[in-house]
Amino acid sequence: MAARVLRPLPRLKPFNRLQVILQHLKMSKHTDSTAEVLLEKKGGAGIITLNRPKALNALNLSMIQQIYPQIKTWEQDPETFLIIIKGTGGKAFCAGGDIRAITDAGKVGDRLAQDFFRGEYMLNNAIGTCKKPYVALIDGITMGGGVGLSVHGRFRVATEKTLFAMPETAIGLFPDVGGGYFLPRLSGKIGYYLALTGFRLKGRDVLKAGIATHFVDSEKLPALEKDLIALKSPSTENIADLLNSYHVKSKVDQEKFVLDEHMEKINSLFSANSMEEIVKKLKQDGSPFAVKQLETINKMSPTSLKITLRQLREGASMSLQDVLTMEYRLSQACMRGHDFYEGVRAVLIDKDQSPKWKPAALEEVSDEFVDDCFKPLGNNDLKL
């Protein structure tokens, strides 16, 4: 286990000195290399390190409960000028939320199925409203909950190792963590396409889609982090200038966006008002691209598809807070339903990739049922 590094202690009277030592020990327990999340202050930067490399840094409730108050503390601290979030292990920034634990809890009616989503969305909102510049280094797999930890922040730095996706419709869920806010705001209908199909974007394409703000080669991230920490009382502009200086060296603009040739089709096919209409348009189009999207959509939960399309259409004109409140209602509807548990079984537990969705067809998912998923929860609503 790595030795704990404590900052030099100021010269103080013996009693005060003891208080400071205790304070340091309290801080250093968060920098213990076995902890699931490391919270450190270096220079003018607060640094959050997701530290579950074996679980691809998947987010669990105890991590949420540590990160949220720390962001709130740093936001008020005049000596903290920016917040950096990153993952360990080299494979993932954060591959998502701890879905297995939520599934187990939901089956038996455990509170975790409420507490996790409530805590996660409150954290997404804290990032989205953070008064300090927030820099997410999204090196490696960034999906679901990992997107929620990064996309609402001021700066998102992708690398050639970044793999972005919102794959929730394949497990009977919907692209939550504020997906209803940021996805419909991407150019054209890219957000709708990513949400409904779970399409994966890699490397430079994460920037070109508008999800990342900068692109930096993975091997340069330690130097970038060091330079960010070394900034003296930086403004948001100073931080942007530093990120830009790294970004321009990456020659990111020399390659074409992976979806470029399909954008016209994406914009027309995914602009329909209902899932049935999208499917009809894909069938009528008949191009290899359309056929491929149809095959993908046919594997997804019909209930999830309908919820997701409405979530994005409504979220397009809502504030982040209203979107998260809406998504909390949807999360609880999914916990009450069938498809989430069946999707997790098929994709993550038995891995047979053959979920038996109920209802099995889009036509069988009634408008009344979808309406019901969006209904307020009274006293149980998310309050931000």
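Please refer to the structure placed before this passage.
Residues numbered from 1 in each chain as written. Predicted model: local features only at pLDDT ≥ 70, side-chain atom pairs only at ≥ 80, totals over all residues. Heavy atoms only, no water.

Caption draft 1: Quick look at the pairing of strand β1 (residues 37–42). Of the pairings in the sheet, the one linking β1 to strand β2 (residues 45–50) comprises six bridges and is antiparallel in character. Directly across from lysine 42, in β2, lies its bridge partner alanine 45. (Pairing = 2+ DSSP bridges. Helix = DSSP H or I, 4+ residues; strand = E, 2+ residues; numbered from the N terminus.)

Caption draft 2: Fine view of the pattern of salt bridges. For the structure on display, the rule yields 17 salt bridges. Of the charged contacts in the structure, one is a salt bridge between arginine 310 and aspartate 371, with a shortest N-O distance of 2.5 Å. A residue pair is termed long-range when its members are at least 10 positions apart, and arginine 310 in helix α14 (residues 302–315) and aspartate 371 in helix α17 (residues 367–373) qualify at 61 residues. On the accessibility criterion, arginine 310 (24% relative accessible area) is partly exposed. With a relative accessible area of 38%, aspartate 371 lands in the partly exposed category. When salt bridges with common partners are traced through the structure, they connect Glu342, Arg345, Asp350 and Asp352 into a single cluster. (Salt bridge = Lys/Arg side-chain N within 4 Å of Asp/Glu carboxyl O. Buried < 20%, exposed > 50% of the residue type's maximum accessible area, 1.4 Å probe, protein only.)

Caption draft 3: Examining the nonpolar core more closely. Formed by 94 residues in total, the largest nonpolar core has its most connected members in Ile48 and Leu50. The dominant element in this core, judged by the number of residues it contributes, is helix α15 (residues 320–336), at nine residues. With residues near it in sequence (within four places) discarded, isoleucine 48 still touches Val37, Leu38, Leu39, Ile67, Ile71, Trp74, Ile83, Ile84, Ile85 and Lys86. (Core = buried A, V, L, I, M, F, W, Y, C linked by side-chain atoms within 4.5 Å. Contact = heavy atoms within 4.5 Å.)

Caption draft 4: Quick peek at the sheet that holds strand β5 (residues 134–138). Overall, mixed pairing links the six strands, which are arranged β1-β2-β3-β5-β7-β10 in an open sheet. The open sheet is flanked by β1 and β10 (214–215), the only strands paired with a single partner. As judged from the two bridges shared by strand β7 (residues 155–158) and β10, these two strands associate in the parallel manner. Following the sheet pairing, valine 157 is matched in β10 by histidine 214. Along the sheet, helix α2 (residues 61–76) contacts β1, β2, β3 (82–87) and β5; its crossing angle with β1, the most-contacted strand, is approximately 15 degrees. (Axes fitted to C-alpha atoms, helices over the stretch in contact; angles between N-to-C directions.)

Caption draft 5: Local environment of the packing of helix α3 (residues 99–107) against helix α4 (residues 112–128). Direction vectors running N to C along α3 and α4 enclose 140 degrees, while the axes themselves pass 8 Å from each other. Here α4 runs oblique to α3, going by the angle between their axes. Where α3 abuts α4, its residues Ala101, Ile102, Ala105 and Gly106 lie against Leu112, Ala113, Phe116 and Phe117. Of the residues in the contact of α3 with α4, the class split is seven nonpolar, one polar and no charged. (Parallel < 35°, antiparallel > 145°, perpendicular 65-115°, else oblique. Nonpolar A, V, L, I, M, F, W, Y, C, P; charged D, E, K, R; others polar.)

Caption draft 6: Summary view of the sheet that holds strand β6 (residues 141–143). An order of β4-β6-β8-β9 is seen for the four strands of this open sheet, with the pairing classed as mixed. Pairing within the sheet leaves two strands with one partner each, and these edge strands are β4 (92–94) and β9 (201–202). Sheet topology note: the β4/β6 ladder contains two bridges and is parallel. Its bridge partner lying in β6, alanine 92 is registered against isoleucine 141.

Caption draft 7: Helix α12 (residues 275–285), seen in detail. Considered for burial, the residues of α12 that qualify are Met275, Ile278, Val279 and Leu282. Here the buried residues of α12 occupy an arc of 95 degrees about the axis, which is enough to place them on one side. Counted as exposed and oriented over 90 degrees from the buried face of α12: Lys280 and Gln284. Once α12 ends, the next one or two residues include glycine 286, with phi positive near 70 degrees. (Arc of directions from axis to C-beta.)

Caption draft 8: Just unusual backbone geometry, in detail. Cis geometry is found at the peptide bond from lysine 358 to proline 359, where omega equals -5 degrees. Secondary-structure assignment places proline 359 in the loop between α16 (339–349) and α17. If you check the backbone angles, glutamine 353 has positive phi at about 55 degrees while not being a glycine. Following the sequence through the fold, glutamine 353 ends up in the loop between α16 and α17.

Caption draft 9: Quick peek at α15. Helix length check: α15, at 17 residues, gives a terminal C-alpha distance of 24 Å against a target of 24 Å (1.5 Å per residue), a fit within 8%. Burial runs high along α15: 14 of the 17 residues are buried. (Expected span 1.5 Å × (residues − 1).)

Caption draft 10: Representation of the packing of aromatic side chains within the structure. Within this structure, the stated rule accounts for six aromatic pairs. With a centroid separation of 5.4 Å and 40 degrees between ring planes, the pair formed by tyrosine 193 and phenylalanine 199 is classed as tilted. Exposure remark for tyrosine 193: the relative accessible area of 1% places this residue in the buried category. Grouping aromatic residues by their ring pairs yields a cluster made of Tyr193, Phe199, Phe270 and Phe289. If you follow arginine 185 out to its NZ or CZ, it ends over the ring of tyrosine 181, 3.9 Å from the centre. (Phe/Tyr/Trp six-rings, centres within 6.5 Å; stacked < 30°, edge-to-face > 60°. Lys NZ or Arg CZ within 6 Å of the ring centre and 35° of its normal.)

Caption draft 11: Seen up close, the layout of surface pockets. The computed volume of the largest pocket comes to approximately 1300 Å³. Lining the largest pocket are 46 residues, and of these Met143, Pro167, Arg200, Val347 and Leu348 sit closest to its centre. Of all the secondary structure elements, the ones that give two or more residues to the lining of the largest pocket are α3, α4, β6, α7 (190–197), α13 (288–299) and α16. The biggest single contributor to the lining of the largest pocket is α13, with five residues. Among the residues forming the lining of the largest pocket, the class breakdown is 25 nonpolar, ten polar and eleven charged. (1 Å grid on protein atoms, 1.4 Å probe; cavity = no way out; pocket = protein on both sides within 12 Å on 5 of 7 lines; lining within 4 Å. Points joined across faces, edges and corners; volume = space filled by probe spheres on them.)

Caption draft 12: Local environment of the packing of α14 against α15. At a closest axis distance of 11 Å, the pairing of α14 and α15 adopts a crossing angle of 165 degrees. As far as their axial angle goes, α15 and α14 are roughly antiparallel. Taken as a pair, α14 and α15 cross one another with a handedness that is right-handed. Counting all contacts with α14, which are made through Ile307, Gln311, Glu314 and Gly315, the residues of α15 involved are Val323, Met326, Glu327 and Leu330. (Left-handed = near helix turned anticlockwise from the far one by under 90°.)

The values are spatial; any link to function lies outside them.
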